[in-house]
Amino acid sequence: MYSIDLSGKWRYETDEEDIGISEKFYSRRLRHENFTLPGDACLNRVGKKFTPFEEMTRDAVRSLRPAFEYIGALWLQRGFTLPAETEDKHITLFLERVNIASDLWIDGIKIDRQIIEISTPHIYNLTGKIKGGSHTLTLRVDNRNLLNIDNMASGYSTDTQSIWNGVIGKIELRCEEIFHMSNIQVFPKEKSIDIKLTAHSDCQAPNDRREVCFEIYALSPDGTALKAKKYKSVLYNKKQIIHLEYPIKKPEYWSEFNPALYTLCLKMTFGKSADEKSVQFGMRTICAKDSEFILNGNKIALRGTLDCGIYPITGYPPTDLDSWLKTLKTVKEYGLNHIRFHAWCPPDAAFTAADMLGIYVLAEMPFWLNTDVCALSAGDDPVHKIYYHKEAVNISEYFGNHPSFIMFSNGNELLGDFEMLENLTTQIKALDNRRLYTLTSNFDRPLTPADDYFCAAAAAGHRVRVQVFHDVVSEHTRLSYDDAVKDADAPVVSFEVGQYCVYPDVDSVSDYTGNLLPANFEVIKKDMIKRNVYHMLDDYIKASGNFAALMYKEDIEASLRTRRMGGFELLGLTDYTGQCTATVGLLDVFWNTKNIITSEKFRQFCSSVVPLLKANRLFLNTDKFKAEFDLYDYGAEKITRPMFTLSLYDGENKIYEIETRKKSVSFSLDFIVKPTMLTAVLSVGEYQNSWNIFVYTKEDTACSVPVLDGMGGKLDNIIKSGGKAVVMMTDKNLVHPIEGLFKPVFWSPAYFPSERACGLICDKNHHIFDLFPTGSYADFQWKHPIDNSVSPDVSALPDGFEFIIEPVPNFFDNTRRSPLFEAKIGNADILFCGFDLNVKHNAVRALRNSIFGYVNSDRFSPSQALPVETVKGLFK
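Now for a quick tour of the structure.

What counts and how
- Position numbers for residues count from 1 along each chain, tracking the sequence in the order it is written.
- Totals for whole chains, interfaces and linings use all residues, but because this is a predicted model, local features are given only for residues with pLDDT of at least 70 and pairs of side-chain atoms are given and counted only at 80 or more.
- No hydrogens and no water enter the side-chain calculation; it runs on all heavy atoms of the structure.
- In this description a helix means any DSSP run of H or I spanning at least four residues, a strand means any run of E spanning at least two, and both kinds are numbered starting from the N terminus.
- Throughout this description, buried means an accessible area under 20% of the type-specific maximum (1.4 Å probe, protein chains only), exposed means over 50%, and partly exposed covers the range between.
- Note on definitions: a residue-residue contact is assigned when non-hydrogen atoms from the two residues lie within 4.5 Å.
- Accessibility throughout is a Shrake-Rupley quantity obtained with a 1.4 Å probe, and a residue counts as covered only by protein chains that appear here.
- We call two N or O atoms a polar contact when they sit within 3.5 Å, provided that within protein one can donate a hydrogen and the other can accept it, with sequence-adjacent residues counted only if both atoms are side-chain atoms.
- Between the rings of Phe, Tyr and Trp (Trp by its six-membered ring), a pair exists once the centres lie within 6.5 Å; its type follows the angle of the planes, with under 30 degrees stacked, over 60 edge-to-face, and the other angles tilted.
- Only C-alpha atoms enter the line fits that serve as axes; for helices the fit covers just the stretch in contact. Angles between N-to-C directions range over 0 to 180 degrees.
- With respect to orientation, any angle under 35 degrees is reported as roughly parallel, any angle over 145 as roughly antiparallel, any angle of 65 to 115 as roughly perpendicular, and every other angle as oblique.
- Take the far helix as your reference; a near helix turned counterclockwise from it by less than a right angle gives a left-handed crossing, and one turned clockwise gives a right-handed crossing.
- Polarity classes work like this: nonpolar for Ala, Val, Leu, Ile, Met, Phe, Trp, Tyr, Cys and Pro, charged for Asp, Glu, Lys and Arg, and polar for all others, with Gly in that last group.
- Pairing between strands requires that DSSP locate at least two bridges from one strand to the other.
- The term salt bridge refers to a pairing of a side-chain nitrogen on Lys or Arg with a carboxyl oxygen on Asp or Glu at a separation within 4 Å.

Within the protein, the regular secondary structure consists of 13 helices and 51 strands. Structurally, the protein occupies a C-alpha span of about 110 × 65 × 45 Å along its principal axes. Residues counted as buried form 60% of the 876 residues belonging to the protein. Expressed as a percentage of contacts within the protein between residues at least 6 apart in sequence, the contacts between residues at least 24 apart total 71%. A total accessible area of about 34100 Å² is found for the protein, and carbon and sulfur atoms account for 48% of it.

Here's what the structure looks like:
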């Protein structure tokens, strides 16, 4: 194949009023120069320039914003020269990705119909329509919502890759023989492949015949050429499908552990004409059996994350292999084997990178319609039925040979015309059985015959996300979704797991050096400065991030503990900077670490092999430590008769260890004589995992200083004359009481309005925690104390005042609060406590003992002072 690269500088002209066709822009020279392709209007500084927001509003934090936005028809033009020897060839114009429609004129003559296609290339057939010599090519591209698909799908959304306008990827004229092959599809079987291809010829009449020869061979993954096979066939039309078969007697199967890739080489000859093509493929089969996925006869489970199509530097997805290798190597680095492209289908380079690295891909169409999130549902416009059937076929044909492409969903959270969705899925399955299908990602519903698997937040009436089980996971590590899997009729994949808000790093604005501006981060930063919390940014990120990592661990392990679970898909390993700034990632939107958790630590609980401890989190030292051991094992080779090693650490000191093949253990904790935070480490060979365990004592400590309800009365006397007191803060005595909630902000506090905090900052070395050991950030022993607490708005307290406990406010609220702080007020030492210390729970009792033990001691001597009137302003 001979190609002419058309990338570079083009002429352009905007067409805001959509008059270009009637005014015949295609017949004249366009007015402006130097539009760079591949690229879009924003890259070329064409369109309306963005105006920054001044105040925090829901719209201001909606998403990153293009520096220049242009919605409408855009005309692009350049000259090219076609060599004379190519004019009798089969000639096509190849545009790898256009958003959303294109029209083509050559020398002012319209070529074919308009192409509307989001996920696959726009290809124009110029055969017989162009002669050798110099020509002018004019494109009209249009990014308006021509398909009535709203603005939610990641493939076409302000919230994600932006509604860019241009052409990206390869832009070239392709010339090949009239006798040629196209659309070569490889269908692997156990020890052979079926080949389906389209043969093109110059046959014109019913009795016109061409006998052609095919020669086929394959290159094995190590480059060895396998034995060739020859076929003869008769062509009787300009285009027809040919079916061939090729044996591979000793196949090397493709998987996450062995991403072995073959190359199929084909040669079609007719007389002196010959066409040679090669296609890369993997020997891979997949099916669903009962509730499990079977790849090449072996059970697999998915450990996935989402890619929502957010690329801030360009505002559109990369089409080069290196970019995708970098991204997907990060996916593997964090122990994941799967990526779901949320409501969009990535470019070919993404699939190629996944093939090379052994990543299982779920691709979707740019389709997210339901009246909960937008104005219409799937199928409300008749164009949906026409367009998405064509889109599904195109995706299947263009990306179908990639062994990584194991799953396909029509889109995200679709509601509406399920007859359309089932018919579409049934037809695509009949066309291409190389992957598994589902009608839509999310929503608990009866399975149809077209569904091969089930991806949802609930299955068979059972929830399969920790989101509704915080009370359970705070008490023990035994949560599983066995009931959901048992009652489901297909493999269950937990949908969009996590969505725990990490405080946005507003200092990362300098990283946004390209097309998309961090307008949302900038307005959040302005609000932080206005509310005098900007100096807390680093602490907020660390505290909320560590809490998110803790919760992601629980979400992941609940899936791993579930027998025969199909897997999980995180939302997400990386941030989602749209939908009102959902910074839910442990990595930022560039796939770079936030220094919250290392990939090595993450792989301890997210990998192909993970030891699992099933035990309570909180104990009394009069209890027995009872635990069960399990091993999530989807490794390359199964571990038979695993040897478990359980070690308990008090800080750096190992205080207990047992090695056993038994799957349970029980021993007394009476050797622990004071409240202690232990680390339980469970190992199987090279694999280990860990959990914090809290052991308390049964004593009750009385308070020897006055415990008062708010300000005034007795407290005024103590402040004047000197002494100590504990002031209890409640929703009845505070001016602005803020309810304590352990469960963090979900997704975005602006998208789902909330005053919830997103983590805790703890002064772990403070003597008040001598009998209630804690880390610097939230852990599960804080669940009941925080849920039964109230905090005042402490924004009026002096700059630099430090709190013993400070919940991390969400970025849309930014109200500083604290349920526990101390100060010298007048001549008195006062501890302000917003915890309900009468709650019947061991963790609350332990906290009460620790607080009372502290205020009873000489260590209670606050180093910070507060004016009386400032403190009184907190109370009614």
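Right, picking up where we left off after that structure.
Further remarks concern the side chain of Ser-119. Topologically, Ser-119 is positioned in the loop between strand 11 (109-116) and strand 12 (122-125). If we ignore the near neighbours within four places in the chain, the residues touching Ser-119 are Arg-97, Cys-345, Pro-366, Glu-391, Ile-395 and Phe-399.

What follows covers the environment of Asn-842. Locating Asn-842 in the fold gives a position in helix 12 (residues 842-855). A distance of 3.3 Å separates a polar atom in the side chain of Asn-842 from a polar atom in the side chain of Arg-845.

Turning next to the packing of aromatic side chains. Under the defined criterion, the tally for this structure stands at 48 aromatic pairs. Each ring, one from Phe-351 and one from Phe-399, has its centre 4.8 Å from the other, and the planes form 20 degrees; the classification is stacked. Of the two residues, Phe-351 sits in helix 2 (residues 348-357) while Phe-399 sits in helix 3 (residues 382-399), which places them 48 residues apart along the sequence. Taking the centre distance of 3.8 Å and the plane angle of 20 degrees together, the rings of Tyr-656 and Phe-667 count as stacked. Within this pair, whereas Tyr-656 is found in strand 40 (residues 653-660), its partner Phe-667 is found in strand 41 (residues 664-668), the two being separated by 11 residues in sequence. By the ring-pair criterion, three or more aromatic residues cluster together here, those being Tyr-696, Phe-769, Phe-772, Trp-782 and Phe-835.

Direction vectors running N to C along helix 1 (residues 321-333) and helix 2 enclose 45 degrees, while the axes themselves pass 8 Å from each other. The orientation of helix 1 with respect to helix 2, classified from their angle, is oblique. Between helix 1 and helix 2 the crossing geometry is right-handed. Of the residues in helix 2, those in contact with Leu-321, Trp-324, Leu-325, Leu-328, Lys-329 and Lys-332 of helix 1 are Ala-349, Ala-350, Thr-352, Ala-353, Ala-354, Met-356 and Leu-357. Of the residues assigned to the contact of helix 1 with helix 2, the class counts are 10 nonpolar, 1 polar and 2 charged.

One open sheet holds the 3 strands; their spatial order is 36-38-41, and the pairing between them is antiparallel. Sheet topology places strand 36 (609-615) and strand 41 at the edges, where each strand pairs with a single neighbour. Direction aside, the axes of adjacent strands within the sheet are offset by 25 degrees on average. Note: strand 38 (residues 624-633) against strand 41, 5 bridges, orientation antiparallel. Along strand 41, the bridge assignment pairs Phe-625 with Phe-667. Its contacts with the sheet place helix 8 (residues 537-561) against strand 36 and strand 38, and it is angled at close to 95 degrees to strand 36.

This brings us to the pairing of strand 14 (residues 166-176). Among the 11 residues of strand 14, 10 are classified as buried, and the element is accordingly described as predominantly covered. Direction of pairing for strand 1 (residues 2-5) relative to strand 14: antiparallel, over a ladder of 4 bridges. The partner of Asp-5 across the bridge, within strand 14, is Glu-172. Relative to strand 14, strand 4 (residues 39-40) is paired through 2 bridges, and the arrangement is antiparallel. From the neighbouring strand, Gly-39 faces strand 14, where its bridge partner is Val-167.

Moving on, we come to the pattern of salt bridges. Counted under the stated rule, the structure contains 51 salt bridges. The residue Lys-429 makes a salt bridge to Asp-452 at a minimum N-O spacing of 2.9 Å. Of this pair, Lys-429 sits in helix 4 (residues 418-431) while Asp-452 sits in the loop between strand 29 (436-438) and strand 30 (454-456), and the two are 23 residues apart along the sequence. The exposure class of Asp-452 is buried, given its relative accessible area of 17%. In this structure, Arg-859 engages Asp-770 in a salt bridge whose closest nitrogen and oxygen atoms are separated by 3.5 Å. Of this pair, Arg-859 sits in the loop between helix 12 and helix 13 (868-872) while Asp-770 sits in the loop between strand 47 (760-762) and helix 11 (783-787), and the two are 89 residues apart along the sequence. Here Arg-859 falls in the partly exposed class, since its relative accessible area comes to 42%. Residue classification places Asp-770 among the partly exposed positions, given a relative accessible area of 37%. Each of the salt bridges in this network shares a partner with another, and the network as a whole consists of Asp-18, Asp-103, Lys-110, Arg-140, Asp-142 and Arg-144.

These values are about where atoms sit, not about what they do.
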